Amino acid sequence: MNQIYMFAAALATVVSAELRCQDWVPVQPSSAPSARSKHAMAFARGSIVLFGGADAVSGEMGDTWTWSGSDWTQQPSLVAPSARVDHAMAYDFARGKIVLFGGTAGGVDQGDTWEWGATGWSFIPTTVAPSPRSGHAMVHDAPRGLVVLYGGRDSASALGDQWGWNGSNWVA
């Protein structure tokens, strides 16, 4: 995949498009996630993974979809994060998995860590972790070999802390 892909899901429309030569070109997949907002996406092993978000009908969603470059496929999983919004995901290049942290489920900020790998979602118990939050950002920091989480908000205030995921625990 050497294009940039966008999944724009205003509550009434689903648009999948790719950027080629500075122009957005609509693509017509045979299937697609429902229109939603507040979802998270990350690139992993040649595909894009989308999880969660909310729509106007169902509210918070807990479904997982992958984009192959030409079509969306819903990924069944016996174990998965709870339906949520405003969570963050990033691909951990060092370990070959997507890391998901936090978000809001049922109006409650979450502080759980999940990984998406070849067999689906796995809950990762941690002894040290960031406080429950939503609206944060995550990215892989290759020189340090960590997925970095920054900021967000909890029920009381905006957060400005930074954490690193090393594959087994979070470090401040």
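These remarks concern the structure in this document. The model shown is predicted, which means the values in this text are computed figures rather than measured ones. (Residues numbered from 1 in each chain as written. Predicted model: local features only at pLDDT ≥ 70, side-chain atom pairs only at ≥ 80, totals over all residues. Heavy atoms only, no water.)

Turning next to the overall build of the protein. A count of helical and extended segments in the protein gives 0 helices and 17 strands. At a minimum sequence separation of 6, the contacts of the protein that also span at least 24 residues come to 45%. (Helix = DSSP H or I, 4+ residues; strand = E, 2+ residues; numbered from the N terminus. Contact = heavy atoms within 4.5 Å.)

Here we come to the sheet that holds strand S5 (residues 47-55). If you trace the 4 strands from one edge of the open sheet to the other, you get S4-S5-S6-S7, paired in antiparallel fashion. Where the open sheet ends on each side, the last strands, each with one partner, are strand S4 (40-44) and strand S7 (72-74). Going from strand to strand, the sheet's axes swing by 25° on average, the running direction of each strand aside. Of the strand pairs in this sheet, strand S6 (residues 59-67) and S7 are connected by 3 bridges, and their pairing is antiparallel. Residue pairing for S7: tryptophan 65 is matched across the bridge by glutamine 74. (Pairing = 2+ DSSP bridges. Axes fitted to C-alpha atoms, helices over the stretch in contact; angles between N-to-C directions.)

On to the packing of aromatic side chains, then. In this structure the tally under the stated criterion is 7 aromatic pairs. Ring centres of tyrosine 91 and phenylalanine 93 lie 4.7 Å apart, and the angle between their planes is 85°; on these two criteria the pair is classed as edge-to-face. Taking relative accessible area as the criterion, tyrosine 91 reaches 12% and is therefore assigned buried. According to the relative accessible area criterion, phenylalanine 93 is exposed, its value standing at 57%. Taken together, a centroid distance of 5.4 Å and an interplanar angle of 65° make the contact between tryptophan 114 and phenylalanine 123 edge-to-face. (Phe/Tyr/Trp six-rings, centres within 6.5 Å; stacked < 30°, edge-to-face > 60°. Buried < 20%, exposed > 50% of the residue type's maximum accessible area, 1.4 Å probe, protein only.)

The subject of this paragraph is the sheet that holds strand S8 (residues 88-92). Taking strand neighbours across the sheet as the criterion, the 4 strands line up as S8-S9-S12-S13 in an open arrangement whose pairing is antiparallel. What marks the edges here is a single partner per strand, and that holds for S8 and strand S13 (120-123). On average, adjacent strands in this sheet sit at an angle of 25° to one another, irrespective of strand direction. Direction of pairing for strand S9 (residues 97-101) relative to strand S12 (residues 113-117): antiparallel, over a ladder of 4 bridges. Paired with leucine 100 across the bridge in S12 is tryptophan 114.

Residues other than glycine seldom take positive phi values, yet arginine 45 does so here, at roughly 45°. Note that arginine 45 resides in the loop between S4 and S5.

The next point concerns the side chain of threonine 64. Relative to the helices and strands, threonine 64 is located in strand S6. The exposure class of threonine 64 is buried, given its relative accessible area of 3%. Within polar-contact distance, the side chain of threonine 64 engages the side chain of tryptophan 121 at 2.8 Å. Excluding anything up to four places from it in sequence, threonine 64 contacts Val49, Leu50, Phe51, Thr73, Gln74, Gln75, Trp116 and Trp121. (Polar contact = N/O pair within 3.5 Å; in protein donor to acceptor, adjacent residues only side chain to side chain.)

Attention now goes to the side chain of arginine 36. Assignment of secondary structure puts arginine 36 in the loop between strand S3 (23-26) and S4. The class for arginine 36 is buried, based on a relative accessible area of 0%. Within the structure, the side chain of arginine 36 is placed 3.1 Å from the backbone oxygen of serine 34, a separation counted as a polar contact.

Moving on to the environment of arginine 84. Mapped onto the elements of the fold, arginine 84 is located in the loop between S7 and S8. For arginine 84 and glycine 103, which are 19 residues apart along the polypeptide, the C-alpha to C-alpha distance reads 6.1 Å. Sequence-distant contacts of arginine 84, defined by excluding residues within four places in its chain, comprise Phe51, Gly52, Gly53, Glu60, Met61, Leu100, Gly102, Thr104, Ala105, Gln110, Asp112 and Trp114. Side chain to side chain, arginine 84 and serine 82 meet in a polar contact 3.0 Å long. Side-chain polar atoms of arginine 84 contact the side chain of aspartate 112, separated by 2.8 Å.

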